[in-house]
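# Residue-level structural notes
Spelled out, the chains give:
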Amino acid sequence: MLTQNLKAQIRSLVELQTIDSEIYALRYEKESKPKEISLLEAAFEEKKQSLSSIEKESLDLQKKRKDIELELGGKEESIKKLQTQLYQLKTNKEYQTMLKEIGDTKADASVIEDKAIQVLEQIDKIKIEIEKEKQNLQGEEKLLNEQKQNIENRIKGIDDRMAQLEVQRKQITPGLDPKILAQYERILFNRDGLAIVNVNNDSCQGCNLHVPPQVINLIKMYERIVICEACNRILYIENEPR
Ligand SMILES: [Zn+2]
């Protein structure tokens, strides 16, 4: 009678283990979710950074453009001044010198103008780049929100399934000897969610240790709970004729 009872209890523990294995896997998955979200957010932040560095580059170019315009304005001012002075000069030599100075200043101004054109071209290019990056980022943000929503939905799914499993658990536990249940739960907690393991091909399926024939006989006798020497898990043998 006692033997039969233990055999039935072992069968219940195996059922309980199936439920608990799923609970442990779900709990593990749920714990990984916040990290998953923060990785997605960090990747998005990095993409935002790349936009702000292009925007910074654009501001630098605007500043460069202003400087060049000021410099150009200065040169144009000088040319005007020199041209006014030109008519006040008395000697041909002075006149020739002044003409040369005006020519040099005009040449300088023309170099600056070329620079200004280059900068304007760069500004146009970077404007397009910024627009592209902004659109890109909008798409990325939409994707991020979708991914986050999917994760939230999965968490909700995990919670629902865990609640179901807890109900199933409560249908099994009242039939168990409280001492056996306590022992099972202690092993479950200490052994990463695996408390009862099958002996297959004479080895423990929890740690692969060889299980000697006398221990196998002991398991088949159902007189007491048999524990694996190496991993301390409860051993059982599947497909035993009842
Ligand atoms: Zn073992």
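Analysis parameters
- Residues numbered from 1 in each chain as written.
- Predicted model: local features only at pLDDT ≥ 70, side-chain atom pairs only at ≥ 80, totals over all residues.
- Heavy atoms only, no water.
- Helix = DSSP H or I, 4+ residues; strand = E, 2+ residues; numbered from the N terminus.
- Rg over C-alpha atoms; globule rule 2.2 N^0.38 Å.
- Buried < 20%, exposed > 50% of the residue type's maximum accessible area, 1.4 Å probe, protein only.
- Contact = heavy atoms within 4.5 Å.
- Expected span 1.5 Å × (residues − 1).
- Arc of directions from axis to C-beta.
- Polar contact = N/O pair within 3.5 Å; in protein donor to acceptor, adjacent residues only side chain to side chain.
- Core = buried A, V, L, I, M, F, W, Y, C linked by side-chain atoms within 4.5 Å.
- Salt bridge = Lys/Arg side-chain N within 4 Å of Asp/Glu carboxyl O.
- Phe/Tyr/Trp six-rings, centres within 6.5 Å; stacked < 30°, edge-to-face > 60°.
- Lys NZ or Arg CZ within 6 Å of the ring centre and 35° of its normal.
- Donors = N, O, S within 2.8 Å, 3.2 Å for Na, K, Ca; no water.
- Tetrahedral: all angles 85-135°; square planar, octahedral: opposite > 155°, others 65-115°.

Per the secondary structure count, the protein includes four helices and three strands. What you see in the protein, going N to C, is helices and strands ordered as α-α-α-β-β-α-β. Taking 18 Å as the expected radius of gyration for a compact globule of 242 residues, we find that the protein reaches 41 Å, considerably beyond that expectation. For the protein, the C-alpha atoms occupy an extent of roughly 135 × 35 × 25 Å along the three principal directions. Across the 242 residues in the protein, those meeting the buried criterion constitute 30%. Put simply, 71% of the contacts in the protein that link residues at least 6 apart link residues at least 24 apart.

Turning to helix H3 (residues 178–190), a few remarks are in order. A rise of 1.5 Å per residue sets the reference length of H3, with its 13 residues, at 18 Å; its end C-alpha atoms lie 18 Å apart and thus fit the reference within 8%. All buried positions along H3 are accounted for by Ile180, Leu181, Tyr184, Ile187 and Leu188. Projected down its long axis, H3 shows its buried positions confined to an angular sector of 130 degrees, all on one face. Turned more than 90 degrees away from the buried face of H3, the exposed residues are Pro178, Lys179, Phe189 and Asn190. Among the residues of H3, the N-terminal cap falls to Asp177, whose side-chain oxygen and the backbone nitrogen of Lys179 are separated by 2.9 Å. One or two steps after H3, the chain reaches Asp192, where phi turns positive at roughly 55 degrees.

What follows deals with the nonpolar core. If you look at the biggest cluster of nonpolar residues, it comprises 23 residues, and the most contacted ones within it are Ile10, Leu13, Leu16, Tyr184, Ile196 and Ile234. Elements with a minimum of two residues in this core: helix H1 (2–86), helix H2 (92–172), H3 and strand E3 (234–236). With residues near it in sequence (within four places) discarded, Leu16 still touches Arg169, Ile172, Thr173, Leu176, Leu181 and Tyr184. Counting 20 residues, the second-largest nonpolar core is a separate cluster that includes Leu61, Ile79, Leu82 and Ile130.

One pass over the full model with this rule turns up 17 salt bridges. Residue Glu69 is joined to Arg65 by a salt bridge in which the shortest nitrogen-to-oxygen separation is 3.2 Å. Placement of both Glu69 and Arg65 in helix H1 is noted, with a separation of four residues, approximately one turn of the helix. Relative accessible area serves as the criterion here: at 43%, Glu69 is assigned to the partly exposed category. Between Lys156 and Asp160 there is a salt bridge, with the nearest N and O atoms lying 3.1 Å from each other. With Lys156 and Asp160 both in helix H2, this residue pair falls four residues apart, about one helical turn. It is possible to trace a salt-bridge network through shared partners that takes in Glu29, Lys33, Glu36 and Arg154.

Here we take up the packing of aromatic side chains. All told, the structure shown has zero aromatic pairs when counted by the stated rule. When the ring centre of Tyr24 is taken as origin, the NZ or CZ atom of Arg27, which lies over that ring, is 5.0 Å away.

So, on to unusual backbone geometry. Unusually for a residue other than glycine, Asp192 sits at a positive phi of about 55 degrees. Of note, Asp192 is situated in the loop between H3 and strand E1 (196–200). Of note, the phi angle at Tyr222 is positive, near 55 degrees, even though the residue is not glycine. Position of Tyr222 among the secondary structure elements: in the loop between helix H4 (213–221) and E3.

Moving on, we get to the coordination of the zinc ion. At the metal site, the zinc ion is ligated by Cys204 (SG), Cys207 (SG), Cys228 (SG) and Cys231 (SG), and these contacts range over 2.2 to 2.3 Å. Metal-centred angles of 105 to 114 degrees between the four donor atoms at the zinc ion mark the site as tetrahedral. A relative accessible area of 0% means that Cys204 is categorised as buried. Overall, the relative accessible area of 3% leaves Cys231 in the buried class.

Counting through the fold element by element, Gln9 comes out in helix H1. Apart from the residues lying within four places of it in its own chain, the contact partners of Gln9 are Gly175, Leu176, Asp177 and Ile180.

Right, let's get into H4. Listed as buried for H4 are Val215, Ile216 and Ile219. Buried residues along H4 cover an arc of 100 degrees about the axis, so they all sit on one side. Set apart from the buried face of H4 by more than 90 degrees, the exposed residues are Pro213 and Gln214. In this fold, the buried residues of H4 make contact with E1 and E3. Of the residues flanking the end of H4, it is Tyr222, one or two places downstream, whose phi is positive at about 55 degrees.

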